[in-house]
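Examining the three-dimensional arrangement
Now for the letters of each chain:
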Amino acid sequence: MQTGGIRLFACTALAAATMTAGLAVPAHATPLAAPVVPKAATKTASAAPAVAAKVAYLLDTTTGRPLLAKQATKRVPIASLTKVMTAYVVLREAGLDDVVKINADDVRHAATNDATSASLRAGERLTVRDLLHGVMLPSGADASHALARVYGPGEAKFVAKMNATARSLGLTGTRYTNTDGLPKPSGGYSTAQDQAKLAQVALGDPVLLGISSTRRYTVAASKVHRAHTWTNTNKLLGKTSGALGVKTGYTRAAGYCLTFAADRDGHRFVGVLLGDAKSERRFQTANRLLDWAGEQVTGTDTNTGGDGGTLSGDA
């Protein structure tokens, strides 16, 4: 069944009823009468929520079953979702307790490109662990620039490592041109399907899983750096049941983007929304998609409102 460009993968109502009732009907047999099925077991798979984003993908990573796809293999800019790959590569090049000294170029890179930053200052020394939080939570282009500068070494060599990693992971619709998803240099792109695959791999790393699902991270002041407190830009955390992050992004070219994930009912769902015109709507859409995905697994309404609330913002 295909509705509005979205392909759904669902069992037929008859198969669901037969399985729930515990009845096996041989392929060659014709029942004399329809089996009596309890009323609660006749619930059919509901239609997927509307998705306003231009590109979308939702995957049950536990079973490998795609639940929803909308232009999922279309190559588009992905803004700061790029930083998921940046963090993934850094973890393969660096030790978490390595210390990186911030320089003026790192600070200038974020400021001159009007990018989000982790409010770093030249001369500060922070660990790789701290800087990865600065990359993933406030989406700091200063932090990502510093890490690429050290572990490329240099941006160009680091980007080459990102693209080599993408190829090794089978992300055939992905090309990186920088470490932060900014419009310059141009030419970078990916697909919703590729980014879901990357998120699945990244969340398999316990360090990245921990960083991605952290709502707030504080670095106490020391002799070598100021105090920093970074809040995760992903509004699903703390509001949506089982939410794990993963990353937000925005540029004018990419629109509002979101990679999201949640663990529910023994399943891990990963989704990607690219090119939404409204910032808050991507979180609302993700929340509804996760509730709907849970229904496909349990056959029941799982719209519980997460940790006691619904997501506010544009309808």
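Note that this is a predicted model, so its numbers are computed, not measured.

So, how was this worked out
Residues numbered from 1 in each chain as written. Predicted model: local features only at pLDDT ≥ 70, side-chain atom pairs only at ≥ 80, totals over all residues. Heavy atoms only, no water. Helix = DSSP H or I, 4+ residues; strand = E, 2+ residues; numbered from the N terminus. Buried < 20%, exposed > 50% of the residue type's maximum accessible area, 1.4 Å probe, protein only. Contact = heavy atoms within 4.5 Å. Areas by Shrake-Rupley, 256 points an atom, 1.4 Å probe, with all protein chains shown as cover. Core = buried A, V, L, I, M, F, W, Y, C linked by side-chain atoms within 4.5 Å. Expected span 1.5 Å × (residues − 1). Lys, Arg positive; Asp, Glu negative; His and termini not counted. Salt bridge = Lys/Arg side-chain N within 4 Å of Asp/Glu carboxyl O. Polar contact = N/O pair within 3.5 Å; in protein donor to acceptor, adjacent residues only side chain to side chain. Phe/Tyr/Trp six-rings, centres within 6.5 Å; stacked < 30°, edge-to-face > 60°. UniProt positions renumbered as here; feature names shortened; annotations may be inferred. Pairing = 2+ DSSP bridges.

**What to know about the overall build of the protein**
- Helix and strand counts for the protein stand at 9 helices and 11 strands.
- Across the 315 residues in the protein, those meeting the buried criterion constitute 49%.
- Relative to all contacts within the protein whose residues are 6 or more apart in sequence, the contacts with residues 24 or more apart total 64%.
- A total of about 14600 Å² of accessible surface is found on the protein, and carbon and sulfur atoms cover 54% of it.

**Considerations on the nonpolar core**
- Grouped together as the largest cluster of nonpolar side chains are 58 residues, with contacts concentrated most on Met85, Leu147 and Leu274.
- Beyond its immediate stretch of four places on either side in the chain, Leu147 contacts Val90, Val100, Val128, Leu131, Leu132, Val135 and Gly152.
- The next biggest cluster of nonpolar side chains, apart from the first, holds 20 residues, and it includes Ala53, Ala243, Ala262 and Phe283.

**Details of helix α9 (residues 279–298)**
- Relative to the 28 Å expected for 20 residues at 1.5 Å per residue, α9 spans 30 Å between its end C-alpha atoms, a close match to the ideal helical length.
- Within α9, 16 of the 20 residues are buried, leaving the element largely enclosed by the surrounding structure.

**A closer look at the side chain of Arg282**
- Secondary-structure assignment places Arg282 in helix α9.
- At 6.6 Å, Glu280 is the nearest oppositely charged side chain to Arg282, a buried residue that forms no salt bridge.
- Among the polar contacts listed, one links the side chain of Arg282 to the backbone oxygen of Ser279, at a separation of 2.9 Å.
- Sequence-distant contacts of Arg282, that is, excluding residues within four places in its chain, are made with Thr248, Gly249, Tyr256, Cys257, Leu258, Leu273 and Asp276.

**Concerning the packing of aromatic side chains**
- Using the criterion set out here, one finds 2 aromatic pairs in the structure.
- With a centroid separation of 6.2 Å and an interplanar angle of 10 degrees, the aromatic rings of Tyr217 and Trp230 are classed as stacked. On the criterion of sequence distance, the pair formed by Tyr217 in strand β7 (residues 216–219) and Trp230 in strand β8 (residues 228–231) is long-range, its members being 13 residues apart.
- A relative accessible area of 16% means that Tyr217 is categorised as buried.

**So, the environment of Cys257**
- Position of Cys257 among the secondary structure elements: in strand β10 (residues 255–264).
- With relative accessibility at 0%, the residue Cys257 sits in the buried group.
- C-alpha of Cys257 to C-alpha of Arg282: the two residues are 25 residues apart in sequence and 7.2 Å apart in space.
- With sequence-adjacent residues up to four places away left out, Cys257 is seen in contact with Ile78, Leu81, Lys247, Thr248, Gly249, Leu273, Leu274, Gly275 and Arg282.

**Digging into the UniProt feature "binding site: substrate" (unreviewed entry) in the protein**
- Feature annotation in UniProt assigns "binding site: substrate" (unreviewed entry) to the following positions: Lys247.
- Tracing the backbone shows Lys247 in strand β9 (residues 243–251).
- With a relative accessible area of 1%, Lys247 lands in the buried category.
- What Lys247 contacts, discounting residues up to four positions off in sequence, is Ser80, Leu81, Lys83, Val84, Val135, Met136, Ser139, Asn234, Cys257, Leu258 and Thr259.
- A polar contact of 2.8 Å, which involves the side chain of Lys247, links it to the side chain of Ser139.

**Observations concerning the pairing of strand β11 (residues 267–276)**
- For β11, a buried count of 9 out of 10 residues is recorded, marking the element as mostly surrounded by other parts of the structure.
- Here strand β3 (residues 55–60) pairs with β11 via 6 bridges, running antiparallel. Following the sheet pairing, Val55 is matched in β11 by Leu274.
- Here β10 pairs with β11 via 8 bridges, running antiparallel. Bridge pairing in β11 links Ala261 to Val270.
- What sits between the antiparallel neighbours β10 and β11 is a turn of 2 residues, in which Asp265 has the positive phi angle 50 degrees.

**Things to note about the pattern of salt bridges**
- Here the structure, examined in full by the defined rule, presents 10 salt bridges.
- Between Asp97 and Arg129 there is a salt bridge; the shortest N-O distance is 2.8 Å. One end of the pair, Asp97, is in the loop between α2 (82–93) and β5 (99–101); the other, Arg129, is in helix α4 (residues 128–136), with 32 residues separating them in the sequence.
- Using a relative accessible area of 56% as the deciding quantity, one classes Asp97 as exposed.
- Note that Glu280 and Lys235 form a salt bridge whose closest N and O atoms lie 2.1 Å from each other. Here Lys235 lies in the loop between β8 and β9 and Glu280 lies in helix α9, a separation of 45 residues in the sequence.

**Topic: the side chain of Thr61**
- Relative to the elements of secondary structure, Thr61 occurs in the loop between β3 and β4 (65–70).
- Ignoring any residue separated from it by four or fewer positions in sequence, one finds Thr61 in contact with Gln200, Arg268 and Val270.

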